[in-house]
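# Structure at a glance
Given next are the chains, with one letter for each unit.
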Amino acid sequence: MRKALAVLMVMAVFGFFASARSLSDCNVALLGDSMTWIGGDSCDVERGWSCHFKRMASPKSISVFARSGATWTNTTSTKIDAEAFSDVLDDDNVVYNQVVRLCRAAASGEAPVPDVIVVYAGANDAWFASRRNGIFDETAEAVVSAPPFDMSVPPSEVVSLAGSVRLSCDMLSRNFPTARIVLVTPTEMVQAPLERVRRVSDIIEGVAKGLHAEVIRADKEVEIRRDVEGAGRHRYTSDGIHTNPAGARLLGGFLAERLGAIVAAIPPVR
């Protein structure tokens, strides 16, 4: 009896560890703005967080779709264009088109189907809010209480920040129903008032929670502070917003830890 019980206990422990997940088991897709883009397509540039994240987390694969200058918020001139390229603010340089690229790359086999999708954006929405008409016209609560978007809706018809986040997340969940979607808010920055960074981040968080997606509040949890970076000391940034190698290590380590915890909490597939 005792021998049989011991065998069952060993099997239970083995089963637990066999079913446990870590980032090393996951194909990861990164979307976002220059904060992710500066790490390079191969995540090997020291001043980008993705470089340090890759080293620390060792994901099964990592695919980068981020673009410098990208916003969550669409404009009335935004077109669906998977091939569009810009590294500055542009009507077509939006997260929505990164989602389109990801979907097409995964469907064609150019990139692995992601297990974890990280969208780290919002800095340019806060910085260039005056160039995104309608950005604050809808609340997160109003947007998430509505039915999911029909995927035939063009991005040019969804020009609020809340609506743009919802539209992209709906497309991600429709195309990758088993993937864990994680939205990361921008850190504090010199280029935008703290109140506006908080407002943008609150909307991103509100939509994420309403859709039962994960959200990481980098503006509150990462020690990159506007008053420090704006005092000319540039402790963790090179220019008040973009990370230097020290800031990239800080942010990469933080996200490796937080994303690792999120993945570990995913129930095993039975």
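Preceding block: the structure.
Think of each chain on its own: its residues are numbered from 1, step by step along the sequence as written. Local features are withheld for residues below a pLDDT of 70 in this predicted model, meaning they are given only at 70 or higher, and side-chain atom pairs are given and counted only at 80 or more; totals for whole chains, interfaces and linings count all residues. Hydrogens and water are ignored here; the side-chain numbers use all heavy atoms of the structure.

A few words now on the nonpolar core. In plain words, nonpolar cores are sets of buried Ala, Val, Leu, Ile, Met, Phe, Trp, Tyr and Cys residues tied together by side-chain atoms within 4.5 Å. Between buried and exposed lies partly exposed: a residue is buried under 20% and exposed over 50% of the maximum accessible area for its type, with that area taken using a 1.4 Å probe on protein chains only. Core analysis: the largest hydrophobic core is formed by 48 residues, its most contacted members being Trp72 and Leu183. Counting from the N terminus, the helices are the DSSP runs of H or I reaching at least four residues and the strands are the DSSP runs of E reaching at least two. Contributions of two or more residues to this core are made by strand S1 (27–32), helix H4 (95–108), strand S3 (116–120), helix H5 (123–127), helix H6 (140–144), helix H7 (161–175), strand S4 (180–184) and helix H8 (194–210). No other element matches the eight residues that H4 contributes to this core. The contact partners of tryptophan 72, leaving out residues within four places of it in the chain, are Val95, Val119, Ala121, Gly122, Asp125, Leu161, Ser164, Val165, Ser168, Leu183 and Ile204. Membership of the second largest hydrophobic core comes to 29 residues, among which are Val184, Val222, Tyr236 and Leu251. Only heavy atoms matter for contacts: two residues are in contact if any of them lie within 4.5 Å across the pair.

Time to look at the packing of aromatic side chains. The geometry of an aromatic ring pair is captured by the separation of the ring centres together with the interplanar angle, meaning the angle of the planes. Aromatic rings from Phe, Tyr and Trp, with only the six-membered ring used for Trp, were paired whenever their centres fell within 6.5 Å, and each pair was classed as stacked if the ring planes differed by under 30 degrees, edge-to-face if by over 60, and tilted otherwise. As enumerated under the stated definition, the model contains three aromatic pairs in all. Relative to phenylalanine 53, the ring of tryptophan 49 lies with its centre 5.6 Å away and its plane at 65°, an arrangement referred to as edge-to-face. Of the two residues, tryptophan 49 and phenylalanine 53 are both situated in helix H3 (residues 49–57); the distance of four residues between them amounts to about one turn of the helix. For the residue pair tryptophan 49 and phenylalanine 53, the accessibility class agrees, reading buried in each case. Taking the centre distance of 6.1 Å and the plane angle of 50° together, the rings of tryptophan 49 and tyrosine 120 count as tilted. With tryptophan 49 in helix H3 and tyrosine 120 in strand S3, this pair connects stretches of sequence that are 71 residues apart.

Glancing now at the side chain of glutamate 229. Position of glutamate 229 relative to the elements: it lies in helix H10 (residues 226–229). Under this definition, polar contacts are N or O atom pairs within 3.5 Å; protein pairs additionally need one hydrogen-donor-capable and one acceptor-capable atom, and for neighbouring residues in sequence, both atoms have to be side-chain atoms. At 2.9 Å, the side chain of glutamate 229 and the backbone nitrogen of tyrosine 236 are in polar contact. Non-local contacts of glutamate 229, meaning those with residues more than four positions away in its chain, are made with Val190, Ile224, His234, Arg235, Tyr236, Thr237 and Gly240.

With that settled, the discussion passes to the pairing of S4. Put simply, side chains in a regular strand alternate between the two faces of the sheet. Counting buried residues along S4, four of its five residues qualify, which places the element largely inside the surrounding structure. When S3 meets S4, the two strands line up parallel, connected through five bridges. Counterpart to valine 119 in the pairing with S4 is leucine 183. In this structure, S4 lies alongside strand S5 (residues 214–216), joined through three bridges in parallel fashion. Within the sheet, the bridge partner assigned to valine 182 lies in S5 and is glutamate 214. Handedness of the crossover joining S4 and S5 through H8: right-handed. Here, a strand pair is defined by DSSP locating no fewer than two bridges between the strands. With the strands aimed away from the viewer, a crossover counts as right-handed if its path from the first strand over the helix to the second runs clockwise.

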